[in-house]
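Structural characterization, general
Here are the chains, one letter per residue:
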Amino acid sequence: MLKFTEDHEWLKIEDGVAIVGITAHAAGQLGDLVFVQLPDAGAHITKGAGAAVVESVKAASDVYAPLDGEVVEINEAITEDPSLVNADPMGKGWFFKLKLADLSALDGLMDESAYMKLIG
Amino acid sequence: MSIEPRPVSTDPSAAPRSPSTSPPLKQTPLHALQLTLGARMVPFAGYEMPVQFAAGVLKEHLQVRGSAGLFDVSHMGQLVVRAKSGIAVDAARALELLVPVDILGLAAGRQRYALFTNASGGVLDDLMIANRGDHLLLVVNGACKEADEAYLRAMLSKTCEIERLDRALIALQGPKSGPALATLAPDCTDMNFMDVREIAILGHACVVARSGYTGEDGFEISTPASAAVEITEALLADPAVAPIGLGARDSLRLEAGLCLYGCELDDTTTPVEAALGWAISKARRAAGARAGGFPGAGVILGQLAHGAAKTRVGLRPEGRAPVRGGAPLFLSLEGGAPIGIVTSGGFGPSVDAPVAMSTVTTAYAATGTRLFAEVRGKRLPVAVAELTFVPHTYRRG
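Let's talk about the pattern of salt bridges
All names here are of chain B.
- Tallied over the full model, the rule gives 26 salt bridges over all chains.
- Arg-93 is the partner of Asp-90 in a salt bridge, and the nearest nitrogen-oxygen pair spans 3.0 Å. Taken as a pair, Asp-90 and Arg-93 lie in helix 3 (residues 88–95) at a separation of three residues, close to a single helical turn.
- A salt bridge links Asp-102 to Arg-290, with the nearest nitrogen and oxygen atoms 2.8 Å apart. In this pair, Asp-102 sits in the loop between helix 3 and strand 5 (111–117) while Arg-290 sits in the loop between helix 7 (246–255) and helix 8 (297–306), placing the two residues 188 residues apart along the sequence.
- Asp-102 gets classed as buried once you look at its relative accessible area, which sits at 15%.
- One continuous salt-bridge network, built from bridges that share partners, spans Glu-96, Asp-102, Arg-112, Arg-284 and Arg-290.

Take a look at the structure:
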C-alpha cells in the first residue's frame, strides 16, 4: 500500500511499518540536497511535528512526521550522500521506517491518484 | 514539508509581501526571455526575478566557476552624476562628500567600490562608481536605488545633475566569460579588473565593466533596454554560457566573501566593522590629502586608528549542516551570552562544504578560533576562517 500526505511525503506500508520518504515532486522543488538530518532510531514522533530536516544550497525545510509512531530504522545512506534523495526519491532515497501507532490513521492519507491531482 | 519558494536572501526587500498592500512586481527587459529559458521567478527588490533555472542552484553555481554564467541584474540602479559646471572633477569633488573613497583620483575608464555612509558611520548602500570621462556612473543595489537617487538629489543638486538610466544590466561571470564576450566585443579582451569602457555590442552602445559579484573574472554590461534581449540571446548562443539565477548569485558571492547589503551591511554597521577598511581610500584617511569630509568620518577614522569592537569574519562549520543567517554564535556548547551572529550562510558548492559569514566581537575574530553556532536549538562547532573561501580570479593586468 502506498500513501501520500499533503506535505509531499510518501509512505509504503508493509506489516504495520511505513517506509517514509519525500516525493519526486518535492525533491524537484527543493533542488539538489546538500544536507539531511534524520530522527534517531527509537524516537517517538507525532504527526505534524518536524521529524527530519533537508537543506539545499539556499534553504532549509522541515520534513514533518506523517503519522504518530516509533522510528525503527533510519536510512543513513542519505545523510552520507543527500543526492540519493534527488536521484531516487521513492527508492534508495527513503528517510526512515515508522512503526505506526494506529494503522487506521492511514485512511486519512491520500492514494497516489489523489496526490497526483493535488500537485497537478 | 514546505516546498514553497523562499526569498533568496535576508535582504529586507526580498521578504514576501502581501499582494493586497504592495505595488505589483516590476519586470526587467529580460523577464519574458527568462521565462522561456525555464526560470523559476520570485519577488526580489520589487521585481519578479529568476531565483534559478532548470539546472538548479548547485549546478548553476558550478557552471559559473567552471565555465561562464549570465545573470540579469537589471533590477540594480544605474545613476549618472554630472557636474552642472561642465567641469568633470566638480562631480567627483561633490561625490566625495558622501563616500570615504578617493573619487578625484579615479582615472577615466576606471571604477571603484564605494559606500554611502551616514552620520554615525553606518552604511546606507554599497555601490560601484565609474569615471566615464565627462560624468560619473553609479551602480547601486536594487532595493536601495530609489532612496539612493533621492539622497543624491538632496545632497548634490546644487552642483550636480542626477539622472536615472533605464537600461538593462547583464553580468557575465566565470573563466570563459572573456572569450564569450570577445566574440561579440573584441575590444573587451585587453580590459583589466575594474576597467570600464564604452563598447558597441551588435551595434548597440554598451558600457562594459570588468567586474562582478562572484569572485570570478567577468563583466557587467549596461545595455539599452531595447537591446537587452538581443545581446543576451547572442551571449547565450555560446555553449560555454548558461543563464544563472539569484540563488547561485548569492552562493557565489558568499564563497567569494562579498558583502550583501541587508546581511553584512546596514545603517548600523560601519565599513570597519564590516571588514571593508580596504575600501576607505588613503586620501580620505587621517593623514590623507583629503582626510575625512564624509558622513561619519569621526567614527570611521577613529575605528581605523583604534579598532572596532566587532568585525566580519568567515566561518567554516565543522560538520555538514549549513549554518544560515541569523544564527547566534557562542564561545561554548552551553550557556554564556552570544558573541556574534551569522550574517549569511549556506552550502558552498565549490568548497563542497557549508560556509558562512558573521559579525563577531573582535576578541574572537582570529582565524581558527572555535565558536558554536546555534542551529535548531543545538550548538554546532564552527571555526573562524578567512573571508574568501575560494580564491578571486580577477584579471589584474
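Topic: the domain arrangement of chain B
Residue and element names in this part refer to chain B.
- Each domain of chain B was delimited in the assignment, giving domain 1 (12–63 + 167–255) and domain 2 (309–385).
- The gap between the C-alpha centroids of domain 1 and domain 2 is 31 Å.
- Contacts between the two partners involve seven residues from domain 1 and, on the opposite side, 11 residues from domain 2.
- Summing the contributions of domain 1 and of domain 2, the shared interface buries around 670 Å²; its carbon and sulfur component is 70%.
- Interface area lost by domain 1 to domain 2 is led by Arg-253, Leu-254 and Glu-255, which between them contribute 68%.
- The interface formed by domain 1 and domain 2 contains zero salt bridges.
- The tally of links from domain 1 across to domain 2 stands at four residue pairs in polar contact (both at pLDDT 80 or more).

Comments concerning the nonpolar core
- Phe-71, Tyr-113, Leu-115, Leu-265 and Leu-276 of chain B are the most contacted members of the largest nonpolar core, which has 36 residues in total.
- At the level of secondary structure, the elements contributing two or more residues to this core comprise strand 4 (33–37) of chain A together with helix 2 (57–66), strand 5, strand 6 (123–131), strand 9 (167–173) and helix 7 of chain B.
- Element by element, the count of residues in this core is highest for helix 2 of chain B, at three residues.
- Leaving out residues up to four positions away in the same chain, Leu-265 of chain B has contacts with Tyr-113, Leu-115, Val-123, Asp-126, Cys-259, Leu-260, Ala-274 and Leu-276 of chain B.
- In this structure, Ile-22, Leu-30, Leu-38 and Leu-98 of chain A belong to the second largest nonpolar core, which totals 27 residues.

Some details on the sheet that holds strand 5 of chain B
All names here are of chain B.
- Spatially, five strands are ordered 5-6-7-4-8 in an open sheet, and the strand pairing comes out antiparallel. Since the sheet does not close on itself, it has two edges, and those belong to strand 5 and strand 8 (160–164), each with one partner. Neighbouring strand axes in the sheet, compared pairwise and without regard to direction, differ in orientation by 30 degrees on average.
- Inspection of the sheet shows strand 6 paired to strand 7 (residues 136–140) by five bridges, in the antiparallel sense. Bridge pairing in strand 7 links Ala-130 to Leu-137.

With respect to the packing of aromatic side chains
- Applying the stated criterion across every chain yields a total of four aromatic pairs over all chains.
- Where Phe-4 of chain A meets Tyr-115 of chain A, the ring centres are 4.8 Å apart and the plane angle is 10 degrees; that geometry is what we call stacked. A residue pair is termed long-range when its members are at least 10 positions apart, and Phe-4 of chain A in strand 1 (residues 2–4) and Tyr-115 of chain A in helix 4 (residues 112–119) qualify at 111 residues. Per residue, the accessibility class of Phe-4 of chain A equals that of Tyr-115 of chain A, and both read buried.
- Between Tyr-113 of chain B and Trp-278 of chain B, the aromatic rings sit 5.5 Å apart at their centres with planes inclined by 25 degrees, giving stacked as the arrangement. Of this pair, Tyr-113 of chain B sits in strand 5 while Trp-278 of chain B sits in the loop between helix 7 and helix 8, and the two are 165 residues apart along the sequence.
- Looking at Trp-278 of chain B, the relative accessible area reads 58%, which means it is exposed.
- Here the guanidinium or amino end of Lys-97 of chain A rests over the ring plane of Trp-94 of chain A, the centre of that ring lying 5.3 Å away.

So, the interface of chain A and chain B
- With 25 residues of chain A at the contact, the number on the chain B side is 21 residues.
- The largest per-residue losses of area from chain A upon contact with chain B belong to Gln-29, Val-57 and Lys-58 of chain A, which jointly make up 34% of the total buried on that side.
- Notably, a salt bridge pairs Glu-55 of chain A with Arg-324 of chain B, separated by 2.7 Å at the nearest N-O pair.
- In this structure, the connection of chain A to chain B is made through nine residue pairs in polar contact (both at pLDDT 80 or more).
- Those elements that place two or more of their residues in the side of chain A that touches chain B are helix 1 (24–30), strand 4, strand 6 (50–56) and strand 7 (60–64) of chain A.
- Here the side of chain A that touches chain B is built from residues that sort into 12 nonpolar, seven polar and six charged.

Observations concerning the side chain of His-31 of chain B
All names here are of chain B.
- Inspection of the secondary structure assignment puts His-31 in helix 1 (residues 31–36).
- Owing to a relative accessible area of 6%, His-31 belongs among the buried residues under this scheme.
- With residues up to four places along the chain from it excluded, the contact list for His-31 reads Met-41 and Glu-48.

Considering unusual backbone geometry
- For Asp-15 of chain A, which is not a glycine, the phi torsion comes out positive at approximately 55 degrees.
- Note that Asp-15 of chain A resides in the loop between strand 2 (9–14) and strand 3 (17–22).
- The backbone of Leu-202 of chain B shows a phi angle near 55 degrees, a positive value even though the residue is not glycine.
- Take Leu-202 of chain B: it is sitting in the loop between strand 10 (196–201) and strand 11 (204–209).

Overview of the pairing of strand 19 (residues 378–385) of chain B
All names here are of chain B.
- Where strand 14 (residues 310–317) lies against strand 19, four bridges are found, and the strand directions are antiparallel. Among the inter-strand pairings, Arg-316 is bridged to a residue of strand 19, identified as Ala-383.
- Pairing of strand 18 (residues 370–375) with strand 19 involves six bridges; the strand directions are antiparallel. Directly across from Phe-372, in strand 19, lies its bridge partner Pro-381.
- Linking strand 18 back to strand 19 in an antiparallel pair, the connection comprises two residues, with Arg-376 at a positive phi of about 50 degrees.

What counts and what doesn't
Here the residue numbering is sequential within each chain, running from 1 through the sequence in written order. By the order in which they are written, chains take letters starting at A while ligands take numbers starting at 1. For this predicted model, a pLDDT threshold of at least 70 governs which residues receive local features, and a threshold of 80 or more governs which side-chain atom pairs are given and counted, while totals over whole chains, interfaces and linings are taken from all residues. Side-chain calculation: all heavy atoms of the structure are included, whereas hydrogens and water are not. Within this document, salt bridges are pairs made up of a side-chain nitrogen of Lys or Arg and a carboxyl oxygen of Asp or Glu, the two lying within 4 Å of each other. In this description a helix means any DSSP run of H or I spanning at least four residues, a strand means any run of E spanning at least two, and both kinds are numbered starting from the N terminus. When a residue's accessible area, from a 1.4 Å probe over protein chains only, is under 20% of the maximum for its type it is buried; when over 50% it is exposed; and in between it is partly exposed. Residue ranges assigned to each domain were obtained from an automatic or database domain assignment. The criterion used for residue contact is that any of the two residues' heavy atoms lie within 4.5 Å. When two parts are brought into contact, each loses some accessible area as probed by a 1.4 Å sphere; the total of that loss over both is the buried area. Between N or O atoms, a polar contact is any pair within 3.5 Å; within protein, one atom must be a potential hydrogen donor and the other a potential acceptor, and residues adjacent in sequence are included only when both atoms are from side chains. Remark: nonpolar core denotes a set of buried residues (Ala, Val, Leu, Ile, Met, Phe, Trp, Tyr, Cys) joined through side-chain atoms within 4.5 Å. The pairing criterion is simple: DSSP has to find at least two bridges between the two strands. Here an angle of 0 to 180 degrees is reported between the N-to-C directions of two axes, which are lines fitted to C-alpha atoms, with helices fitted over the stretch in contact. The aromatic pairing rule takes the rings of Phe, Tyr and Trp, using the six-membered ring of Trp, and pairs them if the centres are within 6.5 Å, calling planes under 30 degrees apart stacked, those over 60 edge-to-face and the rest tilted. Only lysine NZ and arginine CZ atoms are considered, and such an atom sits over a ring when it is within 6 Å of the ring centre and within 35 degrees of the ring normal. Here the term charged refers only to Asp, Glu, Lys and Arg, the term nonpolar to Ala, Val, Leu, Ile, Met, Phe, Trp, Tyr, Cys and Pro, and the term polar to all other amino acids, Gly among them.

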